[in-house]
Amino acid sequence: MATPLVQLTRSPLPKSPDAAPIVRKPSWLKVKAPGGPNYVRLKALMRDLNLHTVCEEARCPNIGECWEHQAATFMILGDVCTRNCAYCAVAHGTPAPFDPVEPVRLAEAVAEMGLQHVVITSVDRDDLPNGGAEAFAGCITEIKRRLPETSVEVLIPDFKGSDRALQIVMDASPDILNHNLETSERLYHLARPGGRYDRALRLLRRAREMSPTGLTKSGVILGMGEEWDEVLTCMRDLRASDVDIVTLGQYLRPSDGHLPVVRYYTPAEFAELEKIGLQMGFRHVQSSPLTRSSYHAWEQVQHAREDL
């Protein structure tokens, strides 16, 4: 039986950031500034090894909590993206040349930190033949060589729909293959002009076909102008692509030059979406205002595996 649709009052999508309504950030989105001992240690380690984290580049509000738990999401292939998504804080332009030694440096950092679960993501590298797939595969291989018990999650770009690039990553046997859907199909041209809604879903379906026993994951950020029924459609489409884990979080505008926040969802609404997601059949649903793709990722993999 299909999940009933719940329609919210329609909020017209602003035509430009200047036309955005002024919406005050609610109290539940306020977080403590980072600065604990593990945070300071990890920050120094990242600089010493010349590594980037999406925690810093994307200005994640959970950086203090995650780094104090010795959990970080590494961003490979540089810190300059070849695409220019309207919601993303990562810089865009011409990236630095490909660094073939980066997987070794990253694996050494993971070993030094003694991490039990590692998340690896990247900027989009449309300038590379396989979109940087070889770098993801190299990171998985190098980490597993040093820490065979450590689980590795990769949050990959869409590789422009290339099956060859995806196969390179899947052949390295990541524990979780993650690609974020991000938003509703109606908003893709505005929020993610370099991507395609159907291409993202196809990638997730193909990942499942390439690794039937592996875990797949995706995420949606809310508040850019989608409606409640569109959120449910995203979730249904992800389940139809046999995705195991879904993350749902509030969009926070990185700067005045990015898409505005059209509405803030309440903690109760996120709790309702978690309930609906579990009813749809997801193995795990991480849903809260501060949820990001890698938020509590170490717990997500444990919960999902319990049901295998």
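For the structure given in this document, a descriptive report is provided here. Throughout this document, residue positions are counted from 1 along each chain, in the order its sequence is written. In view of the model being predicted, local features appear only for residues whose pLDDT reaches at least 70, and side-chain atom pairs are presented and counted only at 80 or more, with totals across whole chains, interfaces and linings using the full set of residues. With hydrogens and water stripped out, all remaining heavy atoms of the structure feed into the side-chain values.

When you line up the elements, lysine 275 lands in helix α10 (residues 267–280). The cut-offs for exposure are 20% and 50% of the maximum accessible area for each residue type, with area from a 1.4 Å probe on protein chains only; residues under the lower value are buried, those over the upper are exposed, and the others partly exposed. Under the relative-accessibility criterion, lysine 275 is labelled partly exposed at 49%. Distance in space between the C-alpha atoms of lysine 275 and valine 285 is 8.3 Å, their sequence separation being ten residues. Each helix is a run of DSSP H or I of at least 4 residues and each strand a run of E of at least 2, with the numbering of both proceeding from the N terminus.

So, about the pairing of strand β9 (residues 245–250). When a strand is regular, its side chains alternate between the sheet's two faces. Of all six residues in β9, six are buried, a share of seventy percent or more. Sheet topology note: the strand β8 (residues 215–222)/β9 ladder contains six bridges and is parallel. Bridge pairing links lysine 217 to isoleucine 245 in β9. Taking the sense of rotation as the criterion, the β-α-β connection linking β8, helix α9 (residues 228–240) and β9 turns out right-handed. The pairing criterion for strands is at least two bridges between them, as found by DSSP. Alignment of β9 against strand β10 (residues 284–287), held across four bridges, turns out to be parallel. In the sheet register, valine 246 faces β10, and the bridge partner there is valine 285. By the criterion used throughout, a crossover qualifies as right-handed when its path from the first strand across the helix to the second strand runs clockwise, the strands pointing away from the viewer. Crossover handedness for the path β9 to α10 to β10: right-handed.

Turning our eyes to something else, we now look at the pattern of salt bridges. The working definition used for a salt bridge is a side-chain nitrogen of Lys or Arg within 4 Å of a carboxyl oxygen of Asp or Glu. Within this structure, the stated rule accounts for 19 salt bridges. A salt bridge links arginine 206 to aspartate 163; its shortest N-O distance comes to 3.3 Å. With arginine 206 in helix α8 (residues 197–210) and aspartate 163 in helix α6 (residues 163–171), the pair connects residues that are 43 residues apart, well separated along the chain. Judged by relative accessible area, aspartate 163 falls into the partly exposed class, the value being 27%. The partner of arginine 186 in a salt bridge is glutamate 230, and the shortest N-O contact between them spans 2.8 Å.

Within soluble globular proteins, side chains that are nonpolar tend to cluster in buried spots. Residues Ile120, Val154, Ile156 and Val169 are the most contacted members of the largest nonpolar core, which totals 36 residues. When contributions to this core are tallied by element, the ones reaching two or more residues are β2 (73–76), α4 (102–113), β5 (117–122), α5 (133–146), β6 (151–155), α6 and α8. If one sorts the elements of this core by residue count, α5 sits on top with seven residues. Residues are treated as being in contact if the distance between any of their heavy atoms lies within 4.5 Å. The residues contacting valine 169, other than those within four sequence positions of it, are Ala133, Phe136, Ile140, Val154, Ile156, Phe159, Pro174 and Leu177. Of all hydrophobic cores here, the second largest spans 24 residues; its members include Leu222, Leu238, Val243 and Ile276. The set of buried Ala, Val, Leu, Ile, Met, Phe, Trp, Tyr and Cys residues whose side-chain atoms join them within 4.5 Å is what this entry labels a nonpolar core.

Turning our attention to the packing of α5 against α6. Helix axes use the C-alpha atoms of the stretch in contact, all axes being lines fitted to C-alpha atoms, and the angles between their N-to-C directions lie in the range 0 to 180 degrees. Remark: α5 packs on α6, axes separated minimally by 8 Å, with the N-to-C direction vectors making an angle of 5°. Here α5 is positioned roughly parallel relative to α6, judged by the angle of their axes. Residues Ala133, Glu134, Phe136, Ala137 and Ile140 of α5 lie in contact with α6, whose contacting residues are Ala165, Ile168 and Val169. Think of it as three bins: nonpolar holds Ala, Val, Leu, Ile, Met, Phe, Trp, Tyr, Cys and Pro, charged holds Asp, Glu, Lys and Arg, and polar takes everything else, Gly as well. Looking at the contact of α5 with α6 residue by residue, the classes come out as seven nonpolar, no polar and one charged. What sets the label is the angle itself: under 35 degrees gives roughly parallel, over 145 gives roughly antiparallel, 65 to 115 gives roughly perpendicular, and the rest give oblique.

Extensive coverage of β6 is indicated by the burial of five of its five residues. Of the two faces of β6, the one lined by Ser151, Glu153 and Leu155 and the one lined by Val152 and Val154 are each fully buried. Following the chain from β5 across α5 to the adjacent parallel β6, one finds a crossover that is right-handed. Note: β6 against strand β7 (residues 176–178), three bridges, orientation parallel. If you follow glutamate 153 over to β7, its bridge partner there is isoleucine 176.

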